[in-house]
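Each chain, written out:
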Amino acid sequence: MNKIIFGGDFNPIHNGHLNMANLASKQFNADVIFVPAVVAVWKEESIPFEYKVEMISKAIQPYQRMSVSPYESTTGKTQNYSIDTVKYFVNKYPDDKFYLLIGNDQVNAFHRWKDAEEISHLVNIIYFSRPGHELSNENVKHYKMQQVFGEENDISSTDARSLNKLDLPFEVIKYIEEKELYYIKSIKTRLTDKRYAHSLQVAHLAYQIALKNELINPWRAYVAGLLHDIAKDLPIVAQKEIVLAHFQEYSDIPSFSYHQFAGSFIAKTEFNIDDKEILDAIEFHATGKADMSSLGEIIYAADKIEPSRGYDSKEMINACLQNYHSGFVFVLKENREFLFSNRKDINNRLSKACFDYYL
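Being a predicted model, the structure only gives us computed values, none of them experimental.

Enquirer: Hey, could you go over the pairing of strand β4 (residues 97–103) for me, with residue numbers and the actual values?
Expert: Burial analysis of β4 places six of its seven residues in the buried class, which makes it a mostly covered element. Where strand β1 (residues 2–8) meets β4, four bridges bridge the pair, whose relative direction is parallel. Note that in β4 the partner of Asn2 across the bridge is Lys97.

Next comes the structure, spelled out in structure tokens:
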């Protein structure tokens, strides 16, 4: 039987890792063993080792030929060398053929690995090309490396930890929430418990709407939903200052909307969100506007109908799950009637433009 050793920090595991492992498994007809590294507790963004194992276990659940090994936590070392890990698995499964999967950034440095020559004799080195890295053909030839072919995912664990690109399995995202890892800590410092719970509900519903409608990258809907109210608990004076400094063209819009503009600013400057569609969805989630993006429509609707709002929104939720656009129009119509019946002031140019455009 063929086996692939796939080591790394996996902090956290993301869809790029899964893509690499899946393509390698198919190309070499092999089972993949994820071997997460133990990281010293003083290292930045370090998390307990068992959290990594749990996240990997959740991520690989749909894949029959993938498993995770806690081997490197059993050695008593904070830094394990690949040669020792390779020897462990080769000795454990002496009748199997082994491959070691690495990224092409590691290809270039492989000659500096401890006992690199011995590793290449014990296992076959396979590598997956990553964007932005030039390949060392010298190492490829010398160590007889083979390339794993397939579409590349431009995603890193650093991106995921900062919320810049959350291309993770949804079960991993929920685990991050449960354990309050990475970006969750920063978000919770800005929101009351009630507001945070609402933001999670909006994020989850937005993700499901995007997923059911087969829109690419449903994690973008999650991020926009999670951050849509990030400025809501700021003092209104602070919200207004951000609007006057960075969104002066909307200074005439009533103060209830300040948080959407301030939220877009915070998402960009503090959470490094550079996706213009995500920022735009946050920026107009309260008022709406004419000709919104698909993501903007989803966040507007999810904010109004998430289940903890305190009224029966099942019909509108189901409508959005079936067709996000017609569901959005349904929510918009219901919201307009609610605002009118409760004599809410919606006489602002953004809301008026939204209602006029869609209704």
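Enquirer: For helix α1 (residues 15–28), give the residues involved together with the corresponding values.
Expert: In a regular helix each residue adds 1.5 Å, so 14 residues correspond to 20 Å; α1 covers 20 Å between its end C-alpha atoms and thus fits that length. What α1 keeps buried is the set Gly16, His17, Leu18, Met20, Ala21, Ala24, Ser25 and Phe28. With its phi angle positive at about 50 degrees, Asn29 sits one or two positions after the end of α1.

Enquirer: How would you summarise the nonpolar core if you had to cite specific residues and measurements?
Expert: Core analysis: the largest hydrophobic core is formed by 85 residues, its most contacted members being Phe34, Leu166, Tyr183, Ile187, Tyr222 and Leu227. Sorting elements by how many residues they give to this core places helix α10 (residues 193–212) first, with nine residues. Discounting residues that sit within four places of it in the chain, Phe34 has contacts with Phe6, Phe10, Ile13, His17, Leu18, Ala21, Ile56, Ile60, Met66, Ser67, Val68 and Ser69. One finds Ile33, Phe98, Ile119 and Ile125 within the second-largest nonpolar core, a separate group that totals 20 residues.

Enquirer: Break down a negative patch on the surface for me, citing the residues and quoting the values.
Expert: Residues Asp312, Glu315, Glu334 and Glu337 make up a contiguous surface patch of negative charge. Structurally, Glu315 can be placed in helix α16 (residues 314–322).

Enquirer: Can you explain the environment of His325? Please cite residues and give values.
Expert: When you line up the elements, His325 lands in helix α17 (residues 324–341). Residues His325 and Ile298 lie 27 residues apart in sequence; the distance between their C-alpha atoms is 7.9 Å. Only 2.9 Å separates the side chain of His325 from the side chain of Glu297, close enough to count as a polar contact.

Enquirer: Could you give me a rundown of the environment of Gly263, with the residues and numbers involved?
Expert: Along the chain, the position of Gly263 falls in helix α13 (residues 258–269). Among the residues examined, Gly263 registers a relative accessible area of 0% and is labelled buried. Every residue in contact with Gly263, bar those within four places of it in the chain, is listed here: Ile230, Ala231 and Ile282.

Enquirer: I'd love a proper account of the side chain of Thr287, names of residues and values included.
Expert: By secondary structure assignment, the location of Thr287 is in the loop between α14 (276–283) and α15 (294–305). Among the polar contacts listed, one links the side chain of Thr287 to the side chain of Gln260, at a separation of 3.0 Å. With residues near it in sequence (within four places) discarded, Thr287 still touches Ile253, Phe256, Ser257, Gln260, Tyr300, Asn348, Leu350, Ser351 and Cys354.

Enquirer: Residue-level account of the pattern of salt bridges, with values.
Expert: Per the stated rule, a full pass over the model turns up 18 salt bridges. Across the salt bridge formed by Lys114 and Asp115, the nearest N and O atoms sit 3.1 Å from each other. With a closest N to O distance of 3.5 Å, Lys304 and Asp303 form a salt bridge. Pair check on accessibility: Lys304 and Asp303 agree, each one buried. One continuous salt-bridge network, built from bridges that share partners, spans Arg195, Asp229 and Asp233.

Enquirer: Any chance you could break down the environment of Ala286 for me, citing the residues and the numbers?
Expert: Inspection of the secondary structure puts Ala286 in the loop between α14 and α15. Not counting chain neighbours up to four residues away, the residues in contact with Ala286 comprise Phe256, His259, Gln260, Tyr300 and Lys304.

Enquirer: Could you give an account of the packing of aromatic side chains, with specific residues and numbers?
Expert: As enumerated under the stated definition, the model contains 20 aromatic pairs in all. Aromatic side chains Phe6 and Phe10 sit 5.3 Å apart centroid to centroid with 90 degrees between the ring planes, which places their arrangement in the edge-to-face category. The residues Phe6 and Phe10 share a single accessibility class, namely buried. With a centroid separation of 4.8 Å and an interplanar angle of 75 degrees, the aromatic rings of Tyr357 and Tyr358 are classed as edge-to-face. On the accessibility criterion, Tyr358 (15% relative accessible area) is buried. What links up through ring pairs into an aromatic cluster is the set Phe247, Tyr250, Phe261 and Phe284. Sitting over the ring of Tyr81, Lys114 keeps its end group 5.6 Å from the ring centre. We note Arg336 situated over the ring of Phe355; from NZ or CZ to the ring centre the distance is 5.9 Å.

The rules we used
- Residues numbered from 1 in each chain as written.
- Predicted model: local features only at pLDDT ≥ 70, side-chain atom pairs only at ≥ 80, totals over all residues.
- Heavy atoms only, no water.
- Buried < 20%, exposed > 50% of the residue type's maximum accessible area, 1.4 Å probe, protein only.
- Helix = DSSP H or I, 4+ residues; strand = E, 2+ residues; numbered from the N terminus.
- Pairing = 2+ DSSP bridges.
- Expected span 1.5 Å × (residues − 1).
- Core = buried A, V, L, I, M, F, W, Y, C linked by side-chain atoms within 4.5 Å.
- Contact = heavy atoms within 4.5 Å.
- Patch = residues over 30% accessible without salt bridge, like charges linked within 9 Å, V, L, I, M, F, W, Y side chains within 5 Å.
- Areas by Shrake-Rupley, 256 points an atom, 1.4 Å probe, with all protein chains shown as cover.
- Salt bridge = Lys/Arg side-chain N within 4 Å of Asp/Glu carboxyl O.
- Lys, Arg positive; Asp, Glu negative; His and termini not counted.
- Charge placed at Lys NZ, Arg CZ, Asp CG, Glu CD.
- Polar contact = N/O pair within 3.5 Å; in protein donor to acceptor, adjacent residues only side chain to side chain.
- Phe/Tyr/Trp six-rings, centres within 6.5 Å; stacked < 30°, edge-to-face > 60°.
- Lys NZ or Arg CZ within 6 Å of the ring centre and 35° of its normal.

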